[in-house]
Amino acid sequence: MTHDTIVLGAGMVGVSCALHLQARDQAVALVDRRATGLETSYGNAGIIQREAIEPYALPRNLGFLLSGATNRRVDVRYQPADAARMLGPLWSYYRNSAPGPLQKISREYETLIALSLETHQQLMNDAGANDLIGGSGYVMLFRTERELHAFHQVADARAQHGVQHIKLSSADVAREEPSLIGSFAGAVRWTDPVAIRSPGELVQRYAQLFEERGGAVHLGDAMTLRRTDAGGWQVDTASGETLTARQIVIALGPWTTQLTSRFGYTAPVIPKRGYHMHYAPVPGKALNSTVIDAEYGYVIAPMQKGLRLTTGAELANVDAPRNPAQIEAAEQIARQSFPLGERVDAEPWMGTRPCMPDMKPVFGAVPGVAGMWCAFGHGHQGFTLGPVTGELLAAMMTGVVPRVDVRPFSPARFA
Ligand SMILES: Cc1cc2nc3c(=O)[nH]c(=O)nc-3n(C[C@H](O)[C@H](O)[C@H](O)COP(=O)(O)OP(=O)(O)OC[C@H]3O[C@@H](n4cnc5c(N)ncnc54)[C@H](O)[C@@H]3O)c2cc1C
């Protein structure tokens, strides 16, 4: 064997798994068909979401469901034929979003979110990546008093779990963000999260740390994965090498089940695509924090490349053609409230949040396939949860008891 473990997929999740396996004395190779951190882990909103102790549930109110049916909402869109094929998982997602199931799921989810900052901070210190931190906290902006006060209850409930916030009046918002054009009823500033100014670069710094510590990063197609006669695994690299290992970790984000299904394991991933675009700053008009326009579900994040607008979700197959309608609709509204200059990118970027119907990531041993492990399905918070997933998976794979109960995240729940 050339290695103990090969990790397939070099997004935030795969790179974190590779680092933590390496820290447990494994010889690890990391393989991706592109350079590290160029897919969803590149283009997200860059927030390490320590406040997200409740995963992103499907709104169950009739108004949302009826307005969604017209496919003209800014926060959620769908490609009809693709969405029709997802009806089973979406129905399950809807049922899991009811208060009872959601409460149980959130208790489990919180055990991961609670470790997100410390696991990132350790890696950022080791990788010398603290310069990528753009600030602490982010702001949820509300346009109506009704929505604002409803959200105050959410914030107060999370405070019971140690998640900190500050309530901002309309005047506070204007004082904190004097460049806002539109007026808002108020906001909630989450103070625990950390905003990263270049999420893809953070993944690359983690990958560099992995290489500095002796790990190997290869270009290669994960679909070349096959069994060896000795019961191990083989993968071909783009440079013509064949890597072999006892164990394989599949961390291909939304593409994971395309590979695992070849070996008999599948799980119902709901692909929620998202788009981004960067805008040049308007001279003299800065945005101090990352902000979310709660009503329309888009984020404006100050990034190294400019102000990054990221959209809500588009339900569409991961490899289906892009549709710029959602980002165009979000941009039109955002321009009325935020100081967005000229577009910086030639085309909108697109990535896919791999969401599970029970809103929890999937990591652990793949049932029925000896030596195969997986880590995927991190949905809206994979950038946040990569390092904690890496730590827990590496513990499981090396016979160490993980520091939280990992059973709720087992791949076996879909087998
Ligand atoms: C618009 C948007 C905003 C978001 N904002 C946030 C946020 O603020 N905070 C947060 O925590 N999360 C956020 N997310 C979610 C987060 O980005 C994802 O959950 C996370 O990036 C998933 O990481 P991953 O490593 O699982 O997948 P990816 O980053 O997609 O990595 C998968 C890797 O697999 C590789 N791959 C695929 N197929 C093959 C193959 N055949 N062979 C070899 N390699 C292959 C790809 O090249 C890629 O590098 C956001 C997502 C979107 C879309």
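Values in this document were obtained by computation on a predicted structure and should not be read as measured data.

A.B. asks: Whenever I open this one, helix α7 (residues 116-127) confuses me. Can you help?
C.D. replies: For an α-helix, the turn length of 3.6 residues means that residues three or four places apart are oriented alike. Compared with an ideal rise of 1.5 Å per residue, which puts 12 residues at 16 Å, α7 spans 16 Å between its outermost C-alpha atoms and is within 8% of the ideal. All of the buried residues in α7 are S116, T119, H120, L123, M124 and A127. Considered in projection along α7, the buried side chains sweep an arc of 130° and stay on one side of the axis. Directly beyond the C-terminal end of α7, a positive phi value near 60° is found at G128.

A.B. asks: Could you clarify how one ought to interpret the domain arrangement of the protein chain in this entry?
C.D. replies: It is common to give the size of an interface as the accessible area lost on bringing the parts into contact. Entries for the protein chain in the domain assignment read domain 1 (3-41 + 201-266 + 358-414) and domain 2 (56-99 + 132-195 + 269-355). Between the C-alpha centres of domain 1 and domain 2 the distance comes to 29 Å. Here domain 1 packs against domain 2, burying approximately 1500 Å² in sum over the two surfaces, 65% of which is carbon and sulfur. Linking domain 1 with domain 2 are zero salt bridges, by the criterion used here. Put simply, domain 1 and domain 2 have five residue pairs in polar contact (both at pLDDT 80 or more) between them.

A.B. asks: Just to check I follow, could you spell out the layout of surface pockets for this structure?
C.D. replies: Taken as a whole, the second largest pocket holds about 450 Å³ of empty space. Considering the residues around the second largest pocket, the lining is formed by 21 residues, among which L58, F64, L65, L90 and L315 are closest to the centre. Those elements that place two or more of their residues in the lining of the second largest pocket are α3 (62-69), β4 (76-78), α5 (87-96), β12 (270-281) and β16 (313-315). When residues of the lining of the second largest pocket are assigned to their parent elements, the largest contribution, five residues, is made by α5. Residues that form the lining of the second largest pocket fall into these classes: 18 nonpolar, one polar and two charged.

Analysis parameters
- Residues numbered from 1 in each chain as written.
- Predicted model: local features only at pLDDT ≥ 70, side-chain atom pairs only at ≥ 80, totals over all residues.
- Heavy atoms only, no water.
- Helix = DSSP H or I, 4+ residues; strand = E, 2+ residues; numbered from the N terminus.
- Expected span 1.5 Å × (residues − 1).
- Buried < 20%, exposed > 50% of the residue type's maximum accessible area, 1.4 Å probe, protein only.
- Arc of directions from axis to C-beta.
- Domains from an automatic or database assignment.
- Buried area = accessible area lost by both parts, 1.4 Å probe.
- Salt bridge = Lys/Arg side-chain N within 4 Å of Asp/Glu carboxyl O.
- Polar contact = N/O pair within 3.5 Å; in protein donor to acceptor, adjacent residues only side chain to side chain.
- 1 Å grid on protein atoms, 1.4 Å probe; cavity = no way out; pocket = protein on both sides within 12 Å on 5 of 7 lines; lining within 4 Å.
- Points joined across faces, edges and corners; volume = space filled by probe spheres on them.
- Nonpolar A, V, L, I, M, F, W, Y, C, P; charged D, E, K, R; others polar.

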